[in-house]
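Here are the chains, one letter per residue:
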Amino acid sequence: MKSLLENAISGRTVRTSHAHVVDQLGRAIIAGEFSVGETLPGDTELEERFQVSRTVVREAMKTLSAKGLIVSRARVGTRVTERKRWNLLDADILSWHLDQGINEGFLSHLSEVRLAIEPYAAGLAAQNATGSDIENLRMLAEAMGDANHSAETLAVADLKFHLAIAEASHNPFMRSISSLIEAALVGVFKISSPAENPQKIKAGSLSHLDIVEAIANHDASAAEAAMKSVIIEGVNRVLAALQRQI
């Protein structure tokens, strides 16, 4: 399965019948085509709509239920749940939100969660990273400084660095939240990229190298501060781009 970032770049994905039904209904729910509390069409109508078997429809319903989007009740039908029950850390739900368009509120909430998680991951990396971890992080940060980066290749390089920080923390839960980091970077990729300015590319690489140096020095506080600075800079750049679109 492609990542959020890969899908944002290519705009294409190959889907099974099950995945297609999940995708179309999930998008419709996120977009508000089916409002909270509304009953979804029955199996027969969905079979005709998507030209699939009842088995495919029911498996799709199970998947959407597992994501927290719907709940089925005997003699009542399948209803859309309250938004607070949606699993916003699910990669599909994040992707559907992003495809509906990025707004200031969504990005701000996402960034708040990143600020709660990634600086601490950098601090853990300062305590736990091995020599090879640090060497890899330095290589990835330096690769971000390539003046020939496009918006797409820079987004990929940025993602690799942040996922490597999660790995270097040696906390398995950090890597498991990678979809959240991807969603934030997809948002940045779609709205604003430093790739338009070689000086900004270099500055971005240097700010990521500051994180690496703090980790190499086993300075958890400095690593946390450097990561926080990187996230805030990205947020401010995207928010400024959103304001220009108004």
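The shown structure was predicted, so the numbers you read here are calculated from the model rather than taken from an experiment.

1. Brief notes about the overall build of the protein chain
Helix and strand content of the protein chain: 12 helices and two strands. Each helix (α) and strand (β) of the protein chain, taken in turn from the N terminus, gives the series α-α-α-α-β-β-α-α-α-α-α-α-α-α. The dimensions of the protein chain, computed from C-alpha atoms along their principal axes, are 65 × 40 × 30 Å. Put simply, the protein chain has 246 residues, and 46% of those count as buried. Pairs at least 24 apart in sequence give 73% of the contacts found in the protein chain among residues at least 6 apart. Element-wise, carbon and sulfur atoms account for 51% of the exposed surface of the protein chain, whose accessible area totals about 12,800 Å². Positive and negative charge centroids in the protein chain, built from 25 and 30 side chains respectively, lie 7 Å apart.

2. What about empty space enclosed by the protein?
Any empty space left between atoms is shown by rolling a water-sized probe over those atoms. If you walk through the whole model with that rule in mind, you get one cavity of 30 Å³ or more. A volume near 50 Å³ is recorded for the largest cavity. Every residue lining the largest cavity is listed: Ile117, Glu118, Ala121, His162, Ile165, Ala166, Met174, Ile177, Ile181 and Met227. Among the secondary structure elements, those contributing two or more residues to the lining of the largest cavity are α6 (104-128) and α8 (151-168). Looking at side-chain class alone, the lining of the largest cavity contains eight nonpolar, one polar and one charged residues.

3. Considerations on the environment of His97
Structurally, His97 can be placed in helix α5 (residues 91-99). Of the residues examined, His97 reaches a relative accessible area of 12% and is grouped as buried. In the structure, His97 is positioned 66 residues away from Ala31 in sequence and 7.9 Å away in space, judged by C-alpha atoms. Excluding anything up to four places from it in sequence, His97 contacts Ile30, Arg83, Trp86, Leu88 and Phe106.

4. A word on the pattern of salt bridges
Applying the stated criterion to the full structure yields 11 salt bridges. Close ionic contact of Lys67 with Asp90 constitutes a salt bridge, the shortest N to O distance being 2.9 Å. Within this pair, whereas Lys67 is found in the loop between α4 (54-66) and β1 (70-73), its partner Asp90 is found in the loop between β2 (77-80) and α5, the two being separated by 23 residues in sequence. Accessibility assignment for this pair places Lys67 and Asp90 in one class, buried. A cluster of three or more residues bridged by salt bridges with shared partners is formed by Asp23, Arg27 and Asp99.

5. Let's talk about the pairing of β1
Alignment of β1 against β2, held across four bridges, turns out to be antiparallel. Residue pairing for β2: Val71 is matched across the bridge by Arg79. The loop that links β1 with its antiparallel partner β2 comprises three residues; one of these, Arg75, has a positive phi angle of about 65 degrees.

6. What about the confidence of the model for the protein chain?
When pLDDT drops low, the exact placement of atoms in the prediction is not to be read closely. Chain-level pLDDT for the protein chain is 90 on average; 96% of the residues reach the 70-or-more range. Per-element confidence in the protein chain ranges from a low mean pLDDT of 68 for helix α1 (residues 4-10) to a high of 98 for helix α7 (residues 131-143).

7. Things to note about the nonpolar core
Core analysis: the biggest nonpolar cluster contains 33 residues, and Leu137, Phe161, Ile165, Ile211 and Ile215 have the highest contact counts within it. Contributing elements (two or more residues each) for this core: α6, α7, α8, α11 (198-216) and α12 (220-245). Ignoring any residue separated from it by four or fewer positions in sequence, one finds Ile215 in contact with Ala122, Ala125, Ala126, Ala129, Ile134, Leu137, Ile165 and Ala223. Counting residues in hydrophobic clusters, the runner-up holds 23 residues, among them Leu5, Leu180, Ile181 and Ala184.

8. Digging into the side chain of Asp90
On the basis of relative accessible area, Asp90 is assigned to the buried category, the value being 16%. Polar contacts involving the side chain of Asp90 include one to the side chain of Lys67, which spans 2.9 Å.

Reading the values: rules and limits
Throughout, a residue's number is its position along its own chain's written sequence, starting from 1. Given that the model is predicted, a residue must reach a pLDDT of at least 70 before its local features are reported, and side-chain atom pairs must reach 80 or more before they are shown or counted; all residues, however, enter totals for whole chains, interfaces and linings. Based on all heavy atoms of the structure, the side-chain values leave hydrogens and waters out of the count. Comment: elements are numbered from the N terminus, with helices defined as DSSP H or I runs of at least four residues and strands as E runs of at least two. A 1.4 Å probe rolled over the protein chains alone gives each residue an accessible area, and that area as a share of the maximum for its type sets the label: buried under 20%, exposed over 50%, partly exposed in between. Between two residues, a contact is recorded if the distance between any of their heavy atoms is within 4.5 Å. A 1.4 Å probe and the Shrake-Rupley method give the accessible areas. Residues count as covered only by the protein chains that appear here. For this count, His and the chain ends are skipped, Lys and Arg are scored as positive, and Asp and Glu as negative. Where a charge lies is defined by one atom per residue type, namely NZ (Lys), CZ (Arg), CG (Asp) and CD (Glu). Cavities and pockets were defined on a 1 Å grid built from protein atoms only: a cavity is a group of points that admits a 1.4 Å probe but offers it no way out, a pocket is an open group of points flanked by protein on both sides within 12 Å along at least five of seven lines, and a lining residue is one with an atom within 4 Å of any such point. Grid points are joined across faces, edges and corners, and a volume is the space filled by probe spheres set on the points. All residues other than Ala, Val, Leu, Ile, Met, Phe, Trp, Tyr, Cys, Pro, Asp, Glu, Lys and Arg, Gly among them, are scored as polar; the first ten of these are nonpolar and the last four charged. What makes a salt bridge here is a side-chain nitrogen of Lys or Arg within 4 Å of a carboxyl oxygen of Asp or Glu, nothing more. For two strands to pair, DSSP has to find at least two bridges joining them. A score between 0 and 100, pLDDT records how confident the predictor is in each residue. Among the buried residues, those of types Ala, Val, Leu, Ile, Met, Phe, Trp, Tyr and Cys that are joined through side-chain atoms within 4.5 Å form a nonpolar core. Residues adjacent in sequence count toward polar contacts only when both atoms are side-chain atoms; beyond that, a polar contact is any pair of N or O atoms within 3.5 Å, and within protein one must be able to donate a hydrogen and the other to accept it.

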